[in-house]
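Spelled out, the chains give:
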Amino acid sequence: MNATRTGPNPYDVVIIGSGIGGLTAGAYLAKHGVKVLICEQARQPGGYFNSFNRKGYTFDGAIQGCEDTGLLLPMLQELDLKDRIELRYSKLAYGFPDLLCPMERIDDLRLFYGHLKEVFPRESKALDRIQGEAIEFCRIMEALTRAPNPLYMPTRRAILETPGWFLRSVSAFKGIQGFLKLLDVPIAEYLSTFVKDPKLIRFLSVGNRGNPASFGMSFAYAMMDYYYPAKGGVQAVPELLVRSILENGGEIRFGTLVERIRVEQGTASGIELEGGETIRARYIVNNGDLRRTFMEMVPPSAVPTEYLRRVQQAEVGESVFSVYLGVNMPTESIPTRGCGHILHMPTYDTLDMSEIHTNPDFFRRALMMVMVPTLHDPALAPKGKSVVVLQCAASMRSLDRWGTRDGKRTKKYRANKKEIARQLIMNAEQIIPGLSNRIEVQVESTPFTFRRYTLNSAGASVGWTAHPGETFRGGLKGLLGSGNTPIRNLYQVGHWTMSPGGAPAGLMTGKMVSSVLRQRLRWGI
């Protein structure tokens, strides 16, 4: 697995990092005969797609499943991998302090907004408007994910199938003008133009700070399209891609930190590893942190001043705080109504996301995710027991940098972790009564944990911030420009390419960049 080729230019492509974007690019390139090497600084593949074991329980470290969004399943199909992994649909629910609302269809949003009208009766008219637009925007997202996609089929076939798709989907696009208009408007800013109650604005704006209104109101659809492996946790996805890469002649080196990207006459020509080894290649694909790449890994003279300024000044997204629980409860006794993923609001009086850095009460009142992966794979826990994972947004700046000193963990850091975990477990008991009394194994992770294991700036979970005015590359411009960098033959994939980021960005940019490089190699340029 760690063998290397020899010669002056032994690889066509070297990929830095084995997150989902790097593995996607690598799998496509290797399948088409490209000489590819992936260098990964961690000891296992996947980046945020990772799992770990504690005392007989298997936990997913970061991502707790994956949206299909018309990308994941077609990718596996095209790589001839779909029959080698079973992905089970994971039902979503919205959790209120006093109600659990399963969300299986877009029209189920009426239950969500209907309950909010009972809680905020004076905002009924505004909630009717928001409900209508949210349903419209979700139908737009649904239609777009079902469109003939030239990424995964011959262009001629995509063109021929487009008229039929459009006729079937035309009614879904009646709200497209509003959707496009709100791509660059933060959801809280949009809601404040017609919602009077600040509590309702905060409640509907939770999630990533500054999330564009179009995505904030259609996010439910992405979560209704969620899948989870039937065996092995989320780590099963990157492990499958690794096997495909190796079977097709590609190479992967784990525990291999890339310290420098060689740039000669404005063109990327290779990499330098920790320890001094140099590996040359015709193209370099970076799946790592864009800020680290252009501020530490390439010569400053190779980067245009304006580009470097944007990289330095753009805001990164939030990280997450996670609590991994092994519990002495049979999964069938956990009252989630069969929902593997629950977006839970423990209070109707939440805090604004801007308070994530400064308010110590943030975690007690924050949106959280409650996941029960043993619904899909009972083998993740000992027989008769379950895995429950709790997550909420977090920042490295929270709690006076979590009580760290010069970046090092202290007693205060550990005490902060335990206290925040206690608060989240207490909130989760609104859904799972008695949870705290059934815990056998408990592990926590903070933004510092995620930074340590992935090298992502501030432990960011989705790359750049979702805020349109503060991100590096957002909206439609981000999609159209994704993959490109100012250095010739250096490409970027993964969630640092565009905003909003996340796993779909990795899947999409990995495929896009692999297609570009295959063409360039074919043409000899």
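Going by the structure above, here's the rest.
In what follows, the accompanying structure is described. (Residues numbered from 1 in each chain as written. Predicted model: local features only at pLDDT ≥ 70, side-chain atom pairs only at ≥ 80, totals over all residues. Heavy atoms only, no water.)

### A few points about the overall build of the protein
- Of the regular secondary structure elements, the protein holds 17 helices and 19 strands.
- Considering only C-alpha atoms, the protein reaches an extent of 70 × 55 × 45 Å along its principal axes.
- A total of 525 residues make up the protein; the buried ones form 59% of that total.
- Counting contacts in the protein only where the partners sit at least 6 residues apart, residues at least 24 apart contribute 74% of the total. (Helix = DSSP H or I, 4+ residues; strand = E, 2+ residues; numbered from the N terminus. Buried < 20%, exposed > 50% of the residue type's maximum accessible area, 1.4 Å probe, protein only. Contact = heavy atoms within 4.5 Å.)

### Some points on helix 14 (residues 411–428)
- Compared with the 26 Å implied by 1.5 Å per residue over 18 residues, the 26 Å span of helix 14 between its first and last C-alpha is a close match.
- What helix 14 keeps buried is the set Y413, N416, K417, I420, A421, Q423, L424, I425, N427 and A428.
- With a side-chain oxygen positioned 3.3 Å from the backbone nitrogen of K412, the residue opening helix 14 is T410. (Expected span 1.5 Å × (residues − 1). Polar contact = N/O pair within 3.5 Å; in protein donor to acceptor, adjacent residues only side chain to side chain.)

### Some details on the pattern of salt bridges
- Scanning the entire structure with this criterion turns up 24 salt bridges.
- Among the ionic pairs, R139 bridges to D107, the shortest N-O distance being 2.7 Å. In this pair, R139 is assigned in helix 4 (residues 124–145) and D107 in the loop between strand 8 (99–103) and helix 3 (109–119), connecting sequence segments 32 residues apart.
- Note on R139: relative accessible area 28%, which makes it partly exposed.
- One salt bridge in this structure joins D361 and R365, with 3.5 Å as the shortest N-O distance. (Salt bridge = Lys/Arg side-chain N within 4 Å of Asp/Glu carboxyl O.)

### Brief notes about the nonpolar core
- Ranked by size, the top nonpolar core spans 111 residues in total, and within it L109, L116 and L204 carry the most contacts.
- Ranked by the residues each element gives to this core, the list is headed by helix 4, at ten residues.
- Residues contacting L116, with those up to four places away along its chain left out, are F96, L127, L200, F203, L204 and Y348.
- Counting 36 residues, the second largest nonpolar core, distinct from the first, contains C339, C392, A421 and F448. (Core = buried A, V, L, I, M, F, W, Y, C linked by side-chain atoms within 4.5 Å.)

### Quick word on the sheet that holds strand 6 (residues 87–89)
- Spatially, three strands are ordered 5-9-6 in an open sheet, and the strand pairing comes out antiparallel. This sheet does not close on itself; its edge strands, each paired only once, are strand 5 (66–67) and strand 6.
- Bridging between strand 5 and strand 9 (residues 226–229) involves two bridges; their strand directions are antiparallel. Looking at strand 9, one finds that E67 is bridged to Y226. (Pairing = 2+ DSSP bridges.)

### Some words on the environment of D400
- Along the chain, the position of D400 falls in helix 13 (residues 398–402).
- Along the sequence, D400 and T358 sit 42 residues apart, while their C-alpha atoms lie 8.1 Å from each other.

### Focus on a nonpolar patch on the surface
- Together, F166, L167 and V170 make up an exposed nonpolar region whose accessible area comes to about 310 Å².
- Within the secondary structure, V170 is located in the loop between helix 5 (155–169) and helix 6 (176–181). (Patch = residues over 30% accessible without salt bridge, like charges linked within 9 Å, V, L, I, M, F, W, Y side chains within 5 Å. Areas by Shrake-Rupley, 256 points an atom, 1.4 Å probe, with all protein chains shown as cover.)

### Some details on the layout of surface pockets
- Size it by volume and the second largest pocket reaches roughly 230 Å³.
- Surrounding the second largest pocket, 17 residues form its lining, E315, V316, H357, R397 and A458 being those nearest its centre.
- The residue makeup of the lining of the second largest pocket, split by class, is five nonpolar, seven polar and five charged. (1 Å grid on protein atoms, 1.4 Å probe; cavity = no way out; pocket = protein on both sides within 12 Å on 5 of 7 lines; lining within 4 Å. Points joined across faces, edges and corners; volume = space filled by probe spheres on them. Nonpolar A, V, L, I, M, F, W, Y, C, P; charged D, E, K, R; others polar.)

### Some words on the pairing of strand 7 (residues 92–96)
- Burial analysis of strand 7 places five of its five residues in the buried class, which makes it a mostly covered element.
- Side-chain alternation along strand 7 places L92, Y94 and F96 on one buried face and A93 and G95 on a second face that is also buried.
- Bridging between strand 7 and strand 8 involves five bridges; their strand directions are antiparallel. Looking at the pairing, F96 lines up with L99 of strand 8.
- Hairpin remark: strand 7 followed by strand 8, antiparallel, with two residues in the connecting loop.
- The pairing of strand 7 with strand 15 (residues 341–344) spans four bridges and is parallel. Bridging across to strand 15, L92 finds its partner in H341.

### Quick word on the packing of aromatic side chains
- Counted under the stated rule, the structure contains 27 aromatic pairs.
- Both rings, one in Y190 and one in F194, keep their centres 5.2 Å apart while their planes meet at 70°; by these two values the pair is edge-to-face. Here Y190 matches F194 in class, with each residue buried.
- Here F362 and F363 contribute two aromatic rings whose centre-to-centre distance is 5.5 Å and whose plane-to-plane angle is 85°, an arrangement assigned as edge-to-face. Neither F362 nor F363 differs from the other in exposure class; each is buried. (Phe/Tyr/Trp six-rings, centres within 6.5 Å; stacked < 30°, edge-to-face > 60°.)

### With respect to the packing of helix 11 (residues 290–297) against helix 12 (residues 305–313)
- Between helix 11 and helix 12, whose axes approach to 10 Å, the crossing angle comes to 130°. On the basis of their axis angle, the class for helix 11 and helix 12 is oblique. Every pair of crossing elements has a handedness; the one defined by helix 11 and helix 12 is left-handed. In this structure, helix 11 uses L290, R291, F294 and M295 to contact helix 12, whose residues at the interface are Y307, L308, V311, Q312 and Q313.
- Here the residues of the contact of helix 11 with helix 12 are counted per class, giving six nonpolar, two polar and one charged. (Axes fitted to C-alpha atoms, helices over the stretch in contact; angles between N-to-C directions. Parallel < 35°, antiparallel > 145°, perpendicular 65-115°, else oblique. Left-handed = near helix turned anticlockwise from the far one by under 90°.)

### Quick word on the pairing of strand 2 (residues 36–39)
- Of the two faces of strand 2, the one holding V36 and I38 and the one holding L37 and C39 are both buried throughout.
- Pairing between strand 1 (residues 11–16) and strand 2: four bridges, direction parallel. Bridge pairing in strand 2 links V14 to L37.
- For the crossover that starts at strand 1, traverses helix 1 (residues 20–31) and ends in the parallel strand 2, the hand is right-handed.
- As defined by bridge partners, strand 2 adjoins strand 10 (residues 251–253) across three bridges and the pair is classed as parallel. Of the residues in strand 10, the one forming a bridge with I38 is I252. (Right-handed = clockwise from strand over helix to strand, strands pointing away.)

Nothing here speaks to function; it is all geometry.
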